[in-house]
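Single-letter residue listing:
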Amino acid sequence: GIVSAVRKKISIPLFVKFRTGWKDDPEYAADLSKRFEDAGADALTFHPRVAPDRRSRPPKWEYIGQVKDRVSIPVFGNGNIFDEEDCRMMLKKTNCDGIAIGRIAIARPWIFSMWTEGFSPDQNIFKDVALQMSLLLEKYYNPERAVKRFKKFAIYFAANFRFGHSIYSKLCKGETMPEIRDNIQAVFQTVPEVVERPNMNLFTN
Ligand SMILES: Cc1cc2nc3c(=O)[nH]c(=O)nc-3n(C[C@H](O)[C@H](O)[C@H](O)COP(=O)(O)O)c2cc1C
């Protein structure tokens, strides 16, 4: 299998990320997790969703507990973690060893310092992060790709706001980074209303 082939070639820790599969049956994932462990994986990240769900239906956290019970390597739970309370709930309900975060880390990249070091952002954080993102993308990608990437980021970023769809389309006007930065300035001329939990219409991409 893929995992044992990779295991033979590398000496760094090997994490395997996987989903429930095609069928909504936790037994398959639990069995798979044991096979990953036997093949030499050091840790697992499990997202309890079936492929046809994409991200529209909530993940079944109870399946994470079933995977956790089957193996002795660390299991990271994943799916719909948006705040510290979600983390505590997932840890408690599934007994998992850690948590892997997807969309909220794109929407609010400061959550790591917020949740672990007590960082407390002020209301400029959204504008600052959008501008910083545009600068970093410009630095590391060619102009066309940088703008494309920004527009992908903007979907998740816009989920922070009550009128996220409108903010998303305002941010994405134009095809160059200077235009994008003008958009950011315009959008944050006034402070848009922030929602506690992300706008799920935008998060279901
Ligand atoms: C922009 C984006 C790219 C992703 N790319 C991958 C990927 O390459 N491989 C993968 O296993 N999951 C990928 N995912 C899925 C996430 O790892 C995660 O399983 C999913 O978003 C659920 O976690 P969340 O609810 O915290 O977002 C991606 C998610 C997003 C939003």
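This one's a predicted model, so the numbers in the text were calculated from it and none came from an experiment. (Residues numbered from 1 in each chain as written. Predicted model: local features only at pLDDT ≥ 70, side-chain atom pairs only at ≥ 80, totals over all residues. Heavy atoms only, no water.)

*Asks:* I would appreciate a short explanation of the pairing of strand β3 (residues 75-78) in the present structure.
*Replies:* Across 3 bridges, the pairing between strand β2 (residues 43-50) and β3 is parallel. Bridging across to β3, Thr45 finds its partner in Phe76. Inspection of the sheet shows β3 paired to strand β4 (residues 98-100) by 3 bridges, in the parallel sense. Bridge pairing in β4 links Phe76 to Gly98. For the handedness criterion, the β-α-β arrangement of β3, helix α4 (residues 84-94) and β4 is classed as right-handed. (Pairing = 2+ DSSP bridges. Helix = DSSP H or I, 4+ residues; strand = E, 2+ residues; numbered from the N terminus. Right-handed = clockwise from strand over helix to strand, strands pointing away.)

*Asks:* Which parts of the structure should I look at to understand the site of the ligand?
*Replies:* In the vicinity of the ligand lie 12 residues, with Lys17, Asn78, Asn80, Gly102 and Arg103 positioned nearest. Asn78 is positioned with one of its side-chain polar atoms (N or O) 2.5 Å from an oxygen atom of the ligand. (Near = heavy atom within 4 Å. Polar contact = N/O pair within 3.5 Å; in protein donor to acceptor, adjacent residues only side chain to side chain.)

*Asks:* In this structure, what is going on with the packing of helix α3 (residues 61-70) against α4? I would like to understand it.
*Replies:* Helix-helix packing: each pair is described by the crossing angle between the helix axes and the interaxial distance. One way to put it is that α3 packs onto α4 with a least axis distance of 8 Å and a crossing angle of 50°. In terms of orientation, α3 and α4 fall into the oblique class. The two elements α3 and α4 cross, and the hand of that crossing is right-handed. On α4, the residues touching Trp61, Ile64, Gly65 and Lys68 of α3 are Asp86, Met89, Met90, Lys93 and Thr94. For the contact of α3 with α4, the class distribution of residues is 4 nonpolar, 2 polar and 3 charged. (Axes fitted to C-alpha atoms, helices over the stretch in contact; angles between N-to-C directions. Parallel < 35°, antiparallel > 145°, perpendicular 65-115°, else oblique. Left-handed = near helix turned anticlockwise from the far one by under 90°. Contact = heavy atoms within 4.5 Å. Nonpolar A, V, L, I, M, F, W, Y, C, P; charged D, E, K, R; others polar.)

*Asks:* Is there a simple way to explain the nonpolar core in this structure?
*Replies:* Looking at soluble globular proteins, one finds that nonpolar side chains tend to be buried together. Among the nonpolar cores identified, the biggest contains 55 residues, and Phe18, Phe36, Leu44, Phe150, Phe157, Leu171 and Ile184 are the most heavily contacted of them. By residue number, the principal contributor to this core is helix α8 (residues 143-158), which donates 9 residues. When residues of this core are assigned to domains, at least three fall in each of domain 1 (2-101) and domain 2 (125-203). Excluding residues that lie within four positions of it along the chain, Phe18 makes contacts with Ala29, Leu32, Ser33, Phe36, Leu44, Thr45, Phe46, His47 and Val67. (Core = buried A, V, L, I, M, F, W, Y, C linked by side-chain atoms within 4.5 Å. Buried < 20%, exposed > 50% of the residue type's maximum accessible area, 1.4 Å probe, protein only. Domains from an automatic or database assignment.)

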